[in-house]
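Observations on the three-dimensional arrangement
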Amino acid sequence: MIDVTLRAGMLEKRREDAVVIPLLAGRKLTAVCNHLPEETAEFLKNFLRNFDSKGGFGDIHTLYQVPGLHCYRLVLVGTGEEKSLTLDGLRRLSAKVSRKLEKSGARSAACYLADAEARATSLVDRIQAVSEGITLGLYTFDHYKTKKNEQHRPLQRAFVMILDRTRETLAMCQQALARGVSIAEGVNFARDLANHPGNVCTPAYIAAQALSLQDDHISVEVMDKAAIEAAGFRALLAVNQGSAKEPRFIVLRYNGAEDDSAPIALVGKGLTFDAGGISIKPGPKMDEMKYDMCGSATVLGVFKAASALGLKANLLGVIPSTENLLGAAAFKPGDIITAYNGTTIEVLNTDAEGRLILADALAWAAEQNPAEIIDFATLTGACVVALGSQASGLMGNHKPLLKALSAAGDRTHDRVWELPMYEEYQKQIDSHIADIRNIGGPGAGTITAACFLSRFIGEHHWAHVDIAGTAWNMQGDALAAKGATGAAVRLTLDYLMHRFAMDDRSEVDHEDADS
Ligand code: BES
Ligand code: MN
Ligand code: ZN
């Protein structure tokens with residue numbers, strides 16, 4: 001794994017294999033190039049005069065053995081217009097150039113991308129974005145490749161560079177870098193868990209991964225099938241009936257605040273493979289249903305990062321986990337089951353199983369007196385139709401919570417889009433024979449799934465994040481290699497860091513403006 005650290009200093013002193021600098025639109029360089037040795041400045045001036053790229057966003061160009069520099073490669077990264085550059089743009093550029101460097105064979109790099117003053121951003125935010133970008137961009141999953149690429153010479157060290165070496169700036173940037181790396185490692189943890197296939201990533205495996213997070217601040221409790229039966233999680237058990245693998249009910253506690261401060265409950269769907277059950281899914285892309293545990297991966301990724309960040313909050317993680325398969329013992333359309341809170345459910349489609357296992361988990365979480373409940377689930381194909389892969393669906397019962405999550409989504413570019421929960425939608429899950437049914441008809445499938453969940457929340461503040469369209473990506477882009485994306489990990493951490501005022505950043509904003 002790459003080692004990302006902060007350094008302060010001038011470009012011409014760097015001895016890494018590669019030095020990365022921003023190239024602004026109009027072939028302009030940034031402050032890092034203000035005091036170069038004359039021969040270097042002269043060389044770059046001539047080069048840029050004849051350079052045919054205009055510094056468009058994402059254009060990368062490498063110069064070798066530039067006079068006056070010690071580094072072998074000087075890598076110019078086009079940022080586009082400085083005024084339209086965003087933190088997310090910076091994160092993506094950092095990811096893209098890191099991958100390119102890794103392919104080039106460079107083993108060490110010094111990266112000055114935070115020197116591009118993206119609009120309305122502070123230096124610390126840019127440092128965090130670059131650190132996240134490097135750590136996310138270099139993520140790969142080659143666990144099952146027996147021949148690791150021989151040409152592959154991984155980048156070992158990346159320095160995120162700043163020019164100002166005053167103590168305060170160094171300390172602030174140091175923290176920002178640690179924040180970026182911790183958050184990205186949380187995302188990468190979620191990705192790893194979800195990228196393992198269903199024969200490896202089983203309910204017991206998710207439980208083991210949760211247990212592996214235990215430390216001074218995180219404790220984990222795992223219920224096996226007998227404990228689940230004793231507790232009365234009958235909806236989870238109904239979904240599990242067709243599976244030869246035992247279910248798990250996993251509870252995590254992160255203690256970062258006073259013991260008596262109510263926890264934020266984070267509930268994640270941990271469906272390790274969803275064949276649909278007796279209401280079996282069509283063949284094409286069914287393999288992708290190994291990702292149906294991505295909600296649980298989000299929760300674990302958030303816990304891992306929360307502990308690394310020293311988040312000043314209490315968290316309660318709840319993960320119901322099972323497969324949804326077919327077999328002689330499988331639950332069937334028409335079956336009526338009684339959830340943990342006593343609500344009776346008519347099962348009209350065994351493929352609407354996520355809401356069933358979440359029903360038990362949410363009802364149990366609601367009993368633990370949480371300050372609020374946020375759940376994450378690859379819940380509906382309808383959400384993919386509505387929003388594609390650009391935003392997760394957001395629903396809930398408390399406007400301020402939804403607003404705060406949307407704002408966190410915009411800040412992190414791990415975006416969410418709110419869908420309405422008008423009272424009228426609730427009628428769609430009425431059942432003639434039980435309290436509710438588990439499907440709501442053809443219209444508004446994402447919303448009626450949320451309506452179903454709302455029956456298990458009680459009076460608590462609650463938000464539901466449907467990550468069906470965002471949790472994995474079969475194309476791959478700069479930030480996320482093909483496969484699991486770790487969706488909603490950055491969103492949630494940003495939300496929590498703001499809610500629990502870990503923001504020491506406002507001060508730096510002003511300092512920045514002066515320098
Ligand atoms: N895990 C699926 C939802 C899903 C489908 C996520 C495709 C990502 C891509 C969920 O369990 C499911 O099957 N939902 C059904 C609900 C329907 C039967 C009401 C769906 O969306 O088709
Ligand atoms: Mn399903
Ligand atoms: Zn599912």
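Now for a description of the structure that goes with this document. All of these numbers come straight from a predicted model, not from anything done at the bench.

**Considering the site of ligand 1**
Taken together, the neighbourhood of ligand 1 is formed by 16 residues, with Asp274, Lys281, Asp351, Glu353 and Gly381 sitting nearest. Measuring from a nitrogen atom of ligand 1, one finds a side-chain N or O atom of Asp292 at 2.9 Å. Residue Gly381 places a main-chain N or O atom 2.7 Å away from an oxygen atom belonging to ligand 1. In isolation ligand 1 exposes 510 Å². Once the protein is present, 77% of that is buried.

**Focus on the coordination of the zinc ion (ligand 3)**
Of the protein atoms, only Lys269 (NZ), Asp274 (OD), Asp292 (OD) and Glu353 (OE) coordinate the zinc ion (ligand 3), at distances of 2.0 to 2.4 Å. Its 6 donor atoms give the zinc ion (ligand 3) angles of 77 to 176° at the centre, a pattern that matches the octahedral case. The metal-metal distance between the zinc ion (ligand 3) and the manganese ion (ligand 2) comes to 3.2 Å, with Asp274 coordinating both. Of the two residues, Asp274 is situated in strand β11 (residues 270-274) and Glu353 in the loop between β14 (344-346) and α9 (354-367); the sequence distance between them amounts to 79 residues. Taken as a pair, Asp274 and Glu353 share a single burial class, namely buried.

**A few points about the environment of Glu132**
With respect to the helices and strands, the residue Glu132 is situated in helix α3 (residues 123-137). Look at Glu132 and you get buried, because its relative accessible area is 3%. A sequence separation of 274 residues divides Glu132 from Ser406, and the C-alpha atoms of the two residues are 20 Å apart. Among residues more than four places away in sequence, those in contact with Glu132 are Arg91, Gly137, Gly180, Ile183, Ala184 and Arg490.

Rules of the game
Residues numbered from 1 in each chain as written. Chains lettered and ligands numbered in written order. Predicted model: local features only at pLDDT ≥ 70, side-chain atom pairs only at ≥ 80, totals over all residues. Heavy atoms only, no water. Near = heavy atom within 4 Å. Polar contact = N/O pair within 3.5 Å; in protein donor to acceptor, adjacent residues only side chain to side chain. Areas by Shrake-Rupley, 256 points an atom, 1.4 Å probe, with all protein chains shown as cover. Donors = N, O, S within 2.8 Å, 3.2 Å for Na, K, Ca; no water. Tetrahedral: all angles 85-135°; square planar, octahedral: opposite > 155°, others 65-115°. Helix = DSSP H or I, 4+ residues; strand = E, 2+ residues; numbered from the N terminus. Buried < 20%, exposed > 50% of the residue type's maximum accessible area, 1.4 Å probe, protein only. Contact = heavy atoms within 4.5 Å.

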